[in-house]
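# Breakdown of the fold
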Amino acid sequence: MRYWLMKSEPDVFSLADLKARPGQREPWDGVRNYQARNFMRDAMQKGDTVLFYHSNTNPPGIVGLAEVASDPYPDPTAFDKKSKYYDAKSDPENPRWILVDVRYCETFSRMVTLEAMKAMPALAEMRVLQRGNRLSITPVTAAEFKAINKAGLA
DNA sequence: GCCAACGTTGGC
DNA sequence: GCCAACGTTGGC
C-alpha cells in the first residue's frame, strides 16, 4: 500500500466533481509529464491512497482522499484530436501517455492548506513542499500521510 | 496578472 | 549533445 499526492485545478476537476461522477470514479487524464506518467505506469497499484490536492486556487491544499481504482492503461485523450490533451506524437501502437482511474474516498472535515502543511514538522521533507517542485503527482510517505490525514479529520 | 522555476523542443 | 527559446505550472 502506497500513498500519493495528486494535484488538480478545481476549476477543471475538483474532488467534488469526482464524488459526483457515476461510480465516483474517473480516469486521471491529461498528464503530460514523464515523471508523473512513470509514477502512474510503474509504481501505482490498485487500492493505493491518493491525497487530493487543489492547486491554482485560494487557498491551495489537500481537500480529501481518493484511491487508485485501476491498473495503468493508455490515456485515450492523447488520441482524440478534439481533446486539448491530443498528442500527435503518441502512437496508438506504442502509447506515450498512461493513466490510472481514481475513485472518491472522502472529503476532509478540514482542508489541509499548503500554508498549514509548510508549518508541520512531519512534512519538512515532503516532496511537494520542496522548492521549485511542479510535479502534479508525487509519492507520499506513510508518516506524511498519517500527519496530513490527522490534520484533515481534526 | 506576474514571474520564478522547470521541462521540452529543435537548431546547430 | 549542447543550450537558447519557448511553454507550462502554480503560488502569490
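Residues numbered from 1 in each chain as written. Chains lettered and ligands numbered in written order. Predicted model: local features only at pLDDT ≥ 70, side-chain atom pairs only at ≥ 80, totals over all residues. Heavy atoms only, no water.

### Some points on the nonpolar core
- In terms of nonpolar packing, the biggest core is built from 23 residues, with Met 6, Leu 18, Trp 28, Met 40, Met 44, Phe 52 and Ile 137 touching the most fellow members.
- Going through the elements one at a time, β1 (3-8), α1 (15-20), α2 (34-43), β3 (49-54), β4 (61-68) and β7 (101-113) are the ones with two or more residues in this core.
- Considering every element that reaches this core, the biggest residue donor is α2, with 4 residues.
- Not counting residues within four places of it along the chain, the set of residues in contact with Met 40 comprises Met 6, Trp 28, Val 31, Pro 72, Ile 98, Leu 99, Val 100 and Ile 137.
- Counting 18 residues, the second largest nonpolar core, distinct from the first, contains Leu 65, Met 117, Leu 123 and Leu 129. (Core = buried A, V, L, I, M, F, W, Y, C linked by side-chain atoms within 4.5 Å. Buried < 20%, exposed > 50% of the residue type's maximum accessible area, 1.4 Å probe, protein only. Helix = DSSP H or I, 4+ residues; strand = E, 2+ residues; numbered from the N terminus. Contact = heavy atoms within 4.5 Å.)

### Observations concerning the protein's contact with DNA strand C
- Taken together, the residues surrounding DNA strand C are Lys 7, Tyr 53, Ser 55, Asn 56, Pro 60, Leu 114, Lys 118, Arg 134 and Leu 135.
- Protein-proximal atoms of DNA strand C, defined as those within 4 Å of the protein, fall in sugar or phosphate at a share of 68%.
- Among the residues making up the surface near DNA strand C, the classes are represented as 4 nonpolar, 2 polar and 3 charged. (Near = heavy atom within 4 Å. Nonpolar A, V, L, I, M, F, W, Y, C, P; charged D, E, K, R; others polar.)

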